Amino acid sequence: MSFSAFYVEAITFELKMAKRPRSTSLESCMLIIMMLLIFSNHVHALDVYHQAEVELLLSFKASIVHDPSHSLSSWSNSTANNLCYWHGVTCVGDVNSSHVNVIDLHGRNISGRLSSSLFQLSHVEKIDLSNNQLQGQVPHDMFTSSNSLRHLNLSNNNLTGQIPQGSLPGLETLDLCNNMISGKIPENIGSFSSLKFLDLGGNVLAGEIPYSLSNMFNLEYLTLASNQLIGKIPSQLGQVKNLKLIYLGYNNLSGEIPHEIGKLTALNHLDLVFNNLTGQIPDSLGNLTELRYLFLYGNKLTGQLPKSIFGLRKLVSLDLSENSLSGEIPELVSQLQQLEILHLFANNFTGKIPQSLASLARLQVLQLWSNKFSGEIPSDLGKQSNLTVVDLSTNYLTGKVPDTLCHSGKLFKLILFSNSLEGDITESLASCKSLGRVRVQNNRFSGEISAEFVKLSLVYFLDISGNNFSGRIDDKKWDLPSLQMLNIARNRIFGNLPESFGSDKLENLDLSENHLSGIISLNFGNLSELMQLKLSHNKLSGSIPQQLSSCKKLVSLDLSGNQLSGPIPVSLSEMPVLGQLDLSRNQLSGEIPRNLGVIESLVQVNISRNHLHGKLPSTGAFLAINASSVAGNHLCGGDITSGLPPCKGKTVRNNPTWWFILITCFLVALAAFGIAGFIILYIRRRKDLETKTVESEDGIWKMQFFEPKVSRLVSIEDIRSAAKQGNVIAIGNKGAQFVVKEDAVNSISPTFWSKMVEFGNLRHPNIIQLIGICRSEKSAYVIHEYCEGKALSQILRNKNWEQRRKIAVGIARALRFLHFSCSPCFVIGCVSPEKVLVDAEDEPRLWLSLPALRDSKGFVSSAYVAPEATESKDITEKSDIYGFGLVLIELLTGKSPGDIELGAHESIVEWARYCYSDCHLDAWTDPMIRGHVLKNQNEIVETMNLALHCTAGDPTARPCAKELYKTLDSITKTSSCVAVKLVSSPF
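Structural notes, computed from the coordinates. (Residues numbered from 1 in each chain as written. Predicted model: local features only at pLDDT ≥ 70, side-chain atom pairs only at ≥ 80, totals over all residues. Heavy atoms only, no water.)

### Some details on the sheet that holds strand E12 (residues 204-208)
Next, step 1: If you trace the five strands from one edge of the open sheet to the other, you get E10-E12-E14-E16-E18, paired in parallel fashion. Since the sheet does not close on itself, it has two edges, and those belong to strand E10 (182-184) and strand E18 (276-277), each with one partner.
Next, step 2: Taken together, the three bridges between E10 and E12 define a ladder with parallel strand orientation. The residue bridging Lys184 from the neighbouring strand is Ala206, located in E12. (Pairing = 2+ DSSP bridges. Helix = DSSP H or I, 4+ residues; strand = E, 2+ residues; numbered from the N terminus.)

### Let's talk about the pattern of salt bridges
Next, step 1: Applying the stated criterion to the full structure yields nine salt bridges.
Next, step 2: For the salt bridge of Glu290 with Lys314, the shortest nitrogen-to-oxygen distance reads 2.9 Å. Of this pair, Glu290 sits in the loop between E18 and strand E19 (293-295) while Lys314 sits in the loop between strand E20 (302-303) and strand E21 (317-319), and the two are 24 residues apart along the sequence.
Next, step 3: Given a relative accessible area of 33%, Glu290 falls into the partly exposed group.
Next, step 4: Residue classification places Lys314 among the partly exposed positions, given a relative accessible area of 37%.
Next, step 5: Between Asp475 and Lys476 there is a salt bridge whose closest N-O contact spans 2.9 Å.
Next, step 6: Asp475 sits in the partly exposed class, given a relative accessible area of 48%.
Next, step 7: What makes Lys476 buried here is its relative accessible area of 14%.
Next, step 8: A single network of salt bridges, built from pairs that share partners, joins Arg797, Arg804 and Asp926. (Salt bridge = Lys/Arg side-chain N within 4 Å of Asp/Glu carboxyl O. Buried < 20%, exposed > 50% of the residue type's maximum accessible area, 1.4 Å probe, protein only.)

### Remarks on the sheet that holds strand E1 (residues 64-66)
Next, step 1: A sheet is described by the order of its strands in space; here four strands give the open sequence E1-E4-E6-E8, paired in mixed fashion. At either margin of the open sheet sits one strand with a lone partner, and together these are E1 and strand E8 (158-160). Going across the sheet, the axis of each strand differs from the next one's by a mean of 15 degrees, ignoring polarity.
Next, step 2: Examined bridge by bridge, strand E6 (residues 133-137) and E8 share three bridges and lie parallel to one another. In the sheet register, Gln135 faces E8, and the bridge partner there is Asn158. (Axes fitted to C-alpha atoms, helices over the stretch in contact; angles between N-to-C directions.)

### Focus: helix H16 (residues 937-950)
A turn of α-helix holds 3.6 residues, and therefore any two residues three or four places apart point the same way.
Next, step 1: For H16, built from 14 residues, the straight-helix expectation of 20 Å at 1.5 Å per residue is met to within 8% by its first-to-last C-alpha distance of 20 Å.
Next, step 2: Along H16, twelve of the 14 residues are buried, which leaves the element largely enclosed by surrounding structure.
Next, step 3: Burial in H16 covers these residues: Asn938, Glu939, Ile940, Val941, Thr943, Met944, Asn945, Leu946, Ala947, Leu948, His949 and Cys950. (Expected span 1.5 Å × (residues − 1).)

### Details of the packing of helix H13 (residues 877-893) against H16
Next, step 1: Running from N to C, H13 and H16 cross one another at 150 degrees; their axes reach a closest spacing of 8 Å. Classified by the angle their axes make, H13 and H16 are roughly antiparallel. In the crossing of H13 with H16, the sense of the turn from one axis to the other is left-handed. Counting all contacts with H13, which are made through Ile881, Tyr882, Phe884, Gly885, Leu888, Ile889, Leu892 and Thr893, the residues of H16 involved are Ile940, Thr943, Met944, Leu946, Ala947 and Cys950.
Next, step 2: Residue composition of the contact of H13 with H16, by class: eleven nonpolar, three polar and no charged. (Parallel < 35°, antiparallel > 145°, perpendicular 65-115°, else oblique. Left-handed = near helix turned anticlockwise from the far one by under 90°. Contact = heavy atoms within 4.5 Å. Nonpolar A, V, L, I, M, F, W, Y, C, P; charged D, E, K, R; others polar.)

### Quick word on the state of the cysteines
Disulfide: a covalent bond formed between the sulfur atoms of two cysteine residues.
Next, step 1: Evaluation of the coordinates by the stated rule reveals three disulfides.
Next, step 2: Each sulfur in the disulfide pair Cys406 and Cys432 lies 1.9 Å from the other. Where Cys406 bonds to Cys432 through sulfur, the torsion about that S-S bond is close to 75 degrees, and the disulfide is right-handed. Residue Cys406 is found in the loop between strand E28 (396-399) and strand E29 (413-415), and its partner Cys432 is found in the loop between helix H3 (425-428) and strand E31 (437-439); the two are separated by 26 residues along the sequence.
Next, step 3: According to the relative accessible area criterion, Cys406 is buried, its value standing at 14%.
Next, step 4: For Cys636, the disulfide goes to Cys647, at an S-S distance of 1.9 Å. Note on the Cys636 and Cys647 pair: the S-S dihedral is about 95 degrees, so by sign convention the disulfide is right-handed. With Cys636 in strand E47 (residues 634-636) and Cys647 in the loop between E47 and helix H4 (649-653), the pair connects residues that are eleven residues apart, well separated along the chain.
Next, step 5: Within the chain, bonded cysteines paired by disulfides and numbered along the sequence follow the pattern 1-2, 3-4, 5-6. (Disulfide = S-S within 2.5 Å.)

### Some remarks on the nonpolar core
Next, step 1: Core analysis: the biggest nonpolar cluster contains 169 residues, and Leu57, Phe60, Ile103, Leu129, Leu152 and Leu198 have the highest contact counts within it.
Next, step 2: Listed by contribution, the elements that provide at least two residues to this core are helix H2 (22-62), strand E2 (89-92) and strand E3 (99-104).
Next, step 3: Take this core: its biggest share by element is four residues, from H2.
Next, step 4: Residues within four places of Phe60 in sequence aside, it is in contact with Leu72, Trp75, Leu105, Ile110, Leu114, Ser115, Ser117, Leu118 and Leu129.
Next, step 5: Counting residues in hydrophobic clusters, the runner-up holds 61 residues, among them Leu792, Ile795, Leu848 and Ile889. (Core = buried A, V, L, I, M, F, W, Y, C linked by side-chain atoms within 4.5 Å.)

### Side note on the pairing of strand E24 (residues 348-352)
Next, step 1: Summarising the sheet, strand E22 (residues 324-327) and E24 pair through two bridges and their orientation is parallel. By the bridge assignment for E24, Gly327 is matched with Phe349.
Next, step 2: Sheet topology note: the E24/strand E26 (residues 372-376) ladder contains three bridges and is parallel. Bridge pairing in E26 links Gly351 to Phe373.

Structure below.
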């Protein structure tokens, strides 16, 4: 009965008593008055408490600066009487004596500082503010204000500061993961005696794990992963008998795995990945009979696997990869009948792959690459299981590939490269319709490529290079509609080229080093997505088809080492992004097209060992060409570096054909002043592009321009004024616009300026063009083209997943161009969202500042610079890949290295690795794209996989720009297939 109802009953009773004798009635009246007074005081107290709750909630609302979903719109004084109906507020009690019991505003994307007012609600039992954008320090009185609190979740925000002192003995859930909380874990954390769930992962906590954790006898879930914790894992953890899950990965923990962990018989998930743990795997882990997930990868563990591990019959996933484990894998593995994922790659295991693996009915993912396994692949592997991924690459395997691998009809990825396998694999895989990615290069496979093998509709990546395949490939119909990458190089294929490969998505085609003959099909010009074509070292004849110029995305064309004849097609001069052209060692004749190299993307040309004659073009690609790239012809002219003789008149007199051409050109020149004017303009343009010396009030300036219009119309005063005032220089009636940036030159090598010509000639749709540079002894100005758009760091949060994916692909395309299509390659040094300009069509363009254009010693300090570059001050292509990986993480999670206070870039990578392996997608994807997660789940997982490869601590483990572009662009084609959440094999 409520307090008010009790008073109503009491008053009714006293009115009845009033009908009794007078003396009794007086006493009753006095009692009624007293009870009314008490009731009025209670009502007043309730009003005061109600008003206090209103003020505390409104105080929290006042600290919120952005509420995009209007979750707090109902919170106002005008609706204070209906406090319990406010959005996210739950009360207990009746209408007259209710109080706030729950505050649940998770996933509302609200931002602002976290006010301590909510923790002063004296009856609140649950506060959930997870998955928002709250910032500022964690309130210092969070653990001292309310003794009623049972569940507190502040995860996935941007909170800073340290974990506050204090204790809430009744607290059962404490989740502070994925913030930016620093400092040490308080020693008195063990005083939270009722705690069942503790998650402090994904922060920047330092120091050692407190021994006092052993006092939490009720604790079931413990994660401290993805921090900067050091020291040993406390053996006292073995006293917390109720533990079911332990996540301590992605820290700097050292020492051996405590054998006391084997006492935690309720444990079903143990994750100690990416630490510095040493020694052997304790035999006591075999006591964890409830264990389903055992992750110890990325440590320095040694020795053989304890046999007790194979007694963990409930194991679903076992990952011991990237250690230094050795010995053989016993046949006891057959006891793991629940196993779905087995990762033992990157160790020193020897001996044969256990035959008993074939008996694991639930096995889906098997990755044993980069070990020392020998012998044959188990004969019945795949016959009884649902294999989707098999990677046995880089071992010493021999024999044939079992026909049973694809028995389940679900095998999607088959990676067997760099072994000594043999037989006709194309015949055995011809019926595997589920295949999407096949890499079997560098083995001893032989036989002809079967007709059915070239009709696998899902295959998008096929590499069978470096084997002994023979026969023809033009006698069968190729029907691979998903194909993007095909490599058949270094085999014994002969005959003509196929007319088609059955795919309009083909991006990379390598048929080099075979015995192919005949002509290059005109149909190759229909490959609109083609970016690399390599037909070198065959016996191809005939002319180079003009139709190849229709491949507008072609970056690299290698036709060297054939028997091609005729002239170089003039149409090759019109290919917009062609960067590498190798026509050497053929029988080409005639002159080099005058305009070849006018389009500045062409930076690497080799035309040596042909029958070409005439003058070397004066275009960018030939200005400083190496002598070996033009040798073995009858050419003249060019720069001194070409080693060619000058074009003398004697040569012309001895050649009647040249006399006729010369006289004709002379007569035409006399009759047409337009041509003469064009020549004058051309000479003037060349002069405009020469380095100029200009005297100014503050010294002598050298000005180098790569656009004649700018050279003629812009003075050093214009440039300095624009840089000082932050203005854009506009030229011409249509307002051609350019941006000026100032830079210091103290640390620039003198040889750097000679490289500027090469960079000024670069043209790529995803790179902001360099227009010119002006320098004096003290400073320099870099002039870029002006592009409409905003920095990625400014607009990222407003982009959906499709837009972010397009941005990522564009950046990768630019890196591939800079690293592989430029000679020498250009290293950015710091790939960051601030250096990416995104236009209205979501097309990214890289802004290359002056320090990024320096040589490998031009170090730039930034959170996006790779760790090894920070230490050595030496920047390489792999440094760019690391920065790109961080950008990918930011596109996926919305978090950047700048969000972390200490050890920024390292912590964000560790956090991402932890989330990728141990957390649900919703826990680490940016709230702005969570609506796309369900539809693009596999795509997002694969992209994070690539990001983690790009940010590997070992630079050699990172993919090159060409590989990452192919992988990133192909991810969208495979999003419908089963994604594997754990780390997969190298690219």
